[in-house]
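What follows is the residue order along each chain.
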Amino acid sequence: MAGAAVAAVDVPAAAANGGACCHAAKGPGYATPLEAMEKGPREKLVYVTCVYNGTGINKPDYLATVDLDPNSPTYSQVIHRLPVTHTGDELHHSGWNSCSSCHGDPSAKRRFLILPSLLSGRVYVVDTATDPRAPSLHKVVESEDIAEKTGLGFPHTSHCLASGDIMISCLGDKEGNAAGNGFLLLDSEFNVKGRWEKPGHSPLFGYDFWYQPRHKTMISSSWGAPAAFRTGFNLQHVQDGLYGRHLHVYDWPGGELKQTLDLGDTGLLPLEVRFLHDPSKDTGYVGCALTSNMVRFFKTTDGSWSHEVALSVKTLKVRNWILPEMPGLITDFVISLDDRYLYLVNWLHGDIRQYNIEDPAKPFLAGQVWVGGLLQKGSDVVYVTDDGQEEQYNVPQVKGHRLRGGPQMIQLSLDGKRIFVTNSLFSRWDEQFFGDDLVKKGSHMLQIDVDTEKGGLAINPNFFVDFGTEPDGPALAHEMRYPGGDCTSDIWI
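Everything numeric in this text was worked out from a predicted model, so none of it was measured.

(A) Geometry of the pairing of strand 6 (residues 123-127). The element strand 6 is largely enclosed, with a buried count of five among its five residues. Burial along strand 6 is two-sided: the face carrying V123, V125 and D127 and the face carrying Y124 and V126 are both buried. Connecting strand 5 (residues 112-116) to the next strand, strand 6, in antiparallel fashion are six residues, including G121 with a positive phi near 90°. One ladder, built from five bridges, connects strand 6 with strand 7 (residues 136-141); its direction is antiparallel. Bridging from a neighbouring strand, D127 pairs with S136 of strand 7.

(B) Inspection of helix 7 (residues 427-434) at higher detail. Considered for burial, the residues of helix 7 that qualify are S427, W429, D430, F433 and F434. Buried residues along helix 7 cover an arc of 160° about the axis, so they all sit on one side. Against helix 5 (226-229), helix 8 (436-439) and strand 32 (476-481) lie the buried residues of helix 7. Positive phi shows up at G435, right after helix 7, with a value of about 65°.

(C) Main features of the sheet that holds strand 20 (residues 316-319). With antiparallel pairing, the four strands of this open sheet are ordered in space as 21-20-26-27. On the outer flanks of this sheet lie strand 21 (325-326) and strand 27 (390-391), each paired with one strand and no other. Looking at chain direction, strand 20 and strand 21 are connected through two bridges and run antiparallel. Note on strand 21: the bridge partner recorded for L316 is M326.

(D) Geometry of the pairing of strand 28 (residues 409-412). By the alternation rule, side chains of strand 28 split into M409 and Q411 and I410 and L412, which are all buried. Pairing of strand 28 with strand 29 (residues 418-422) involves four bridges; the strand directions are antiparallel. Bridge assignment links I410 to a residue of strand 29, and that residue is V421.

(E) Region of interest: the confidence of the model for the protein chain. The predicted model of the protein chain averages 94 in pLDDT, with 95% of residues at 70 or higher. Confidence, expressed as mean pLDDT per element, reaches its minimum in the protein chain at helix 1 (residues 2-7) with 33 and its maximum at strand 2 (residues 62-67) with 99. Segment residues 1-24 is flagged for pLDDT under 50; beyond a separation of four residues in sequence, or across chains, it makes 43 contacts in the model.

(F) Inspection of the environment of T266 at higher detail. Within the secondary structure, T266 is located in the loop between strand 15 (257-262) and strand 16 (270-275). Assessed through its relative accessible area of 40%, T266 is described here as partly exposed. If we ignore the near neighbours within four places in the chain, the residues touching T266 are C288, T291, N293 and V309.

(G) Focus on the packing of aromatic side chains. Throughout the structure, instances matching the rule amount to 27 aromatic pairs. Seen from their ring centres, F275 and W305 are 5.8 Å apart, and the 80° between their planes marks the pair as edge-to-face. Taken together, the positions of F275 in strand 16 and W305 in strand 19 (residues 305-312) put the pair 30 residues apart, joining distant regions of the chain. The two residues F275 and W305 agree in class, both being buried. Through a chain of ring-to-ring contacts, the aromatic side chains of Y207, W223, F229, F233, Y243, W347, F426, W429, F433 and F434 assemble into a single cluster.

(H) Broad picture of the sheet that holds strand 7. Judged by pairing direction, the sheet is antiparallel, and its four strands sit side by side in the order 4-5-6-7 without closing on themselves. The open sheet has two edge strands with one neighbour each: strand 4 (95-96) and strand 7.

(I) View of the environment of V46. The topology assignment puts V46 in strand 1 (residues 45-51). Judged by its relative accessible area of 1%, V46 falls in the buried class. Those residues in contact with V46, other than ones at most four positions away along the chain, are A64, T65, V66, L68, M445, M480, R481 and Y482.

(J) Seen up close, a nonpolar patch on the surface. Residues L235, I322 and L323 make up a contiguous nonpolar surface patch of about 270 Å² in total accessible area. Tracing the chain through its elements places L323 in the loop between strand 20 and strand 21. Judged by its relative accessible area of 34%, L323 is partly exposed.

(K) Structural view of helix 4 (residues 143-150). Here helix 4 has its buried residues at S143, I146, A147 and T150. Projected down its long axis, helix 4 shows its buried positions confined to an angular sector of 95°, all on one face. When the buried face of helix 4 is taken as reference, the exposed residues oriented beyond 90 degrees from it are E144, E148 and K149. On its buried face, helix 4 sits against strand 6, strand 7, strand 10 (182-186) and strand 11 (192-195). After helix 4 finishes, the residue G151 shows a positive phi value of roughly 80°.

(L) Main features of the pattern of salt bridges. All chains considered together, the criterion is met by 27 salt bridges. One salt bridge connects R110 with D490, and the closest N-O pair in it is separated by 2.9 Å. Remark: D490 occurs in the segment after strand 32 and R110 occurs in the loop between strand 4 and strand 5; sequence separation between them is 380 residues. One salt bridge connects D437 with R402, and the closest N-O pair in it is separated by 3.0 Å. Of this pair, D437 sits in helix 8 while R402 is found in the loop between strand 27 and strand 28, placing the two residues 35 residues apart along the sequence. Each of the salt bridges in this network shares a partner with another, and the network as a whole consists of D208, E272, R274 and D332.

Here is what the cut-offs are and how they apply
- Residues numbered from 1 in each chain as written.
- Predicted model: local features only at pLDDT ≥ 70, side-chain atom pairs only at ≥ 80, totals over all residues.
- Heavy atoms only, no water.
- Buried < 20%, exposed > 50% of the residue type's maximum accessible area, 1.4 Å probe, protein only.
- Helix = DSSP H or I, 4+ residues; strand = E, 2+ residues; numbered from the N terminus.
- Pairing = 2+ DSSP bridges.
- Arc of directions from axis to C-beta.
- Contact = heavy atoms within 4.5 Å.
- pLDDT = per-residue confidence, 0-100.
- Phe/Tyr/Trp six-rings, centres within 6.5 Å; stacked < 30°, edge-to-face > 60°.
- Patch = residues over 30% accessible without salt bridge, like charges linked within 9 Å, V, L, I, M, F, W, Y side chains within 5 Å.
- Areas by Shrake-Rupley, 256 points an atom, 1.4 Å probe, with all protein chains shown as cover.
- Salt bridge = Lys/Arg side-chain N within 4 Å of Asp/Glu carboxyl O.

In structure tokens:
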């Protein structure tokens, strides 16, 4: 079982691979993924990045605190809003200053949430420990400082390192050229330290990354050139080579690019990348949005890395849309902490899927639920069945609300029994694909109940957070983080 492998930590090896020195000490997070799953408390709060950029509302983006406690009088409500200092930032992803990778360091504390601003290049540091229900702004790392010292812009994914540093993937230079992308390092005081990768070892494109220290490996993925995606999606830009189709395999923690995996036409726009949580495992997945494939990567017997398509979401023939066929557009996925289930979203089609991955090479569908999308009943768009019939999907209302947009970001509870889902991808793409129905009416957040025994997904009818009724106007909600860590923020060593 995964738990046995995780628990058998070789302390000197962990330290040699950039890990902490002693798992007996009590730093942040949990010693193993299974400990987090079995002993972690039920989530009571979640922090959600909310965007006004691109909506026509001239207000700063903000971090919302949402009450997840069913016993609370403010359950399923936004209870606090922390605006950032500027407009035009486009808050997107987030990460912690310290997580389970620092569990062996008793001096480390999970206190600060890191908020990279995708368009402006700023990085906000938020204190969540002083008052978890009402976070406060601690520091702003200005984009000019980052660009001057590293040449980097368009920051995206943030992960903490066991050294105390913060590592952030950046998608380009400050002008939006992909050739300038790489990895930013901040020190424990959030000062710009430099680049992580060795000179001349930047990836072709930047996006997400995940490291697996026991295998001395970090793997990063490829969205595209900021100059292309920030103006909206153009299929011609894919043909022009402005979007990615590669995984980049780095030596960890050395920063040397060891291998570039070309995923080919089956792997266009590889976005979120995750290893299995068990740090002894040498396999993981990347969701390829445009081709709607989940690609599995794995180490071979000679120590190099390879890949294969593990599962595919069928592209549908459609009418009344911009193209004759519509991909599912896999934009996010999560893996349960016991490495048993993988959950993915199809932003355009509108469904969330649960796959059993106990055999990582042979996933099978265990559950599915429809929560929006372009193909729901009442939409102008229809899909065409193999026998030529026009069809649409039934999408239920939740607490009297029609579901807008499609499932975009998801977060899984530590025990694996609840999925929370928001529906905004990126403001310009939200407008392009869902129009005013999402951008002018705002996002919402749902809860999906999970059957972890037999498989299965169901919308929780009692939970609905409507970001369309925010005090300053409808907002776009994106990534979610629990104060105590989660299955996409924490890495085990």
